[in-house]
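Per-entry structural report
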Amino acid sequence: RVPSLSIMSTAPTCEPPKSAKASVQTFGKKKNSIAVAYVTAGKGLIRVNGYPLKLVEPEILRYKVFEPVLLLGNQPFSKVDIRVKVAGGGNVSQIYAIRQAIAKGIIAYTAKYVDEATKNQLKEQLL
């Protein structure tokens with residue numbers, strides 16, 4: 001049976017796909033720990049497993065997680081949100097995996113959405 005013209009006219013129109021949010025996904029590894037950082041355009045939030053960066057335990061190693069932020073300053077992080085999920089391994093290896101994921105994430109985001117010269121400058125500061 002052939003559909004009538006009135007049924008065809010009520011079909012939904014094809015809309016252009018909504019633009020995807022600017023984002024990159026990177027990972028950091030240390031021994032058995034794997035941290036995945038999801039960097040999106042935002043307002044400067046950095047969260048690890050849903051908690052703010054300043055609540056990372058153990059407290060004695062908290063500055064290791066802050067190293068990319070302290071080395072690069074607040075400017076590169078002010079317009080991005082970073083959400084990190086970490087699993088596996090012990091406390092120390094998780095801290096190092098988180099640190100690596102954050103550093104790689106900000107470099108990848110800058111390379112993709114800012115420019116190559118800024119990326120190289122950030123990379124030099126981290127090395």
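Right above here is the structure, for reference.
Residues numbered from 1 in each chain as written. Predicted model: local features only at pLDDT ≥ 70, side-chain atom pairs only at ≥ 80, totals over all residues. Heavy atoms only, no water.

1. Description of the sheet that holds strand β1 (residues 23–30)
Under the convention used in this document: Only strands joined by at least two bridges in the DSSP assignment are considered to pair. In this description a helix means any DSSP run of H or I spanning at least four residues, a strand means any run of E spanning at least two, and both kinds are numbered starting from the N terminus.
Spatially, β1-β2-β5-β3-β4 is the arrangement adopted by the 5 strands of the open sheet, whose pairing is mixed. Of all the strands in the sheet, just β1 and β4 (51–52) have a single pairing partner and so form its edges. Where β1 and strand β2 (residues 33–41) come together, 8 bridges link them in antiparallel fashion. Residue pairing in the sheet places Q25 in a bridge with Y38 of β2.

2. Re the packing of aromatic side chains
Filter applied, for reference: Two aromatic rings from Phe, Tyr or Trp, using only the six-membered ring of Trp, form a pair when their centres are within 6.5 Å; if the ring planes differ by under 30 degrees the pair is stacked, by over 60 it is edge-to-face, and anything between is tilted. Per-residue accessibility, obtained with a 1.4 Å probe over protein chains only, is compared with the maximum for each type, and a residue is labelled buried under 20%, exposed over 50%, and partly exposed between these values. Charge-over-ring contacts are defined here by two conditions on Lys NZ or Arg CZ: a distance within 6 Å of the ring centre and an angle within 35 degrees of the ring normal.
Scanning all chains against the criterion turns up 1 aromatic pair. Between Y109 and Y113, the aromatic rings sit 5.0 Å apart at their centres with planes inclined by 45°, giving tilted as the arrangement. With Y109 and Y113 both in helix α3 (residues 91–113), this residue pair falls 4 residues apart, about one helical turn. Residue classification places Y113 among the partly exposed residues on the basis of a relative accessible area of 36%. Its end group placed over the ring of F27, K104 keeps NZ or CZ at 4.2 Å from the ring centre.

3. Side note on the pattern of salt bridges
This is how it is decided: For salt bridges, the criterion is a side-chain nitrogen of Lys or Arg within 4 Å of an Asp or Glu carboxyl oxygen.
Within this structure, the stated rule accounts for 4 salt bridges. Linking E57 and R62 is a salt bridge whose minimum nitrogen-to-oxygen distance equals 3.2 Å. Among the residues examined, E57 registers a relative accessible area of 55% and is labelled exposed. Its salt-bridge partner being E67, residue R99 comes within 2.3 Å of it at the nearest N-O pair. Placement of the pair is R99 in helix α3 and E67 in helix α2 (residues 62–72), with a sequence separation of 32 residues. A relative accessible area of 26% means that E67 is categorised as partly exposed. Taken together, the salt bridges that share partners define one network made up of K64, E67 and R99.

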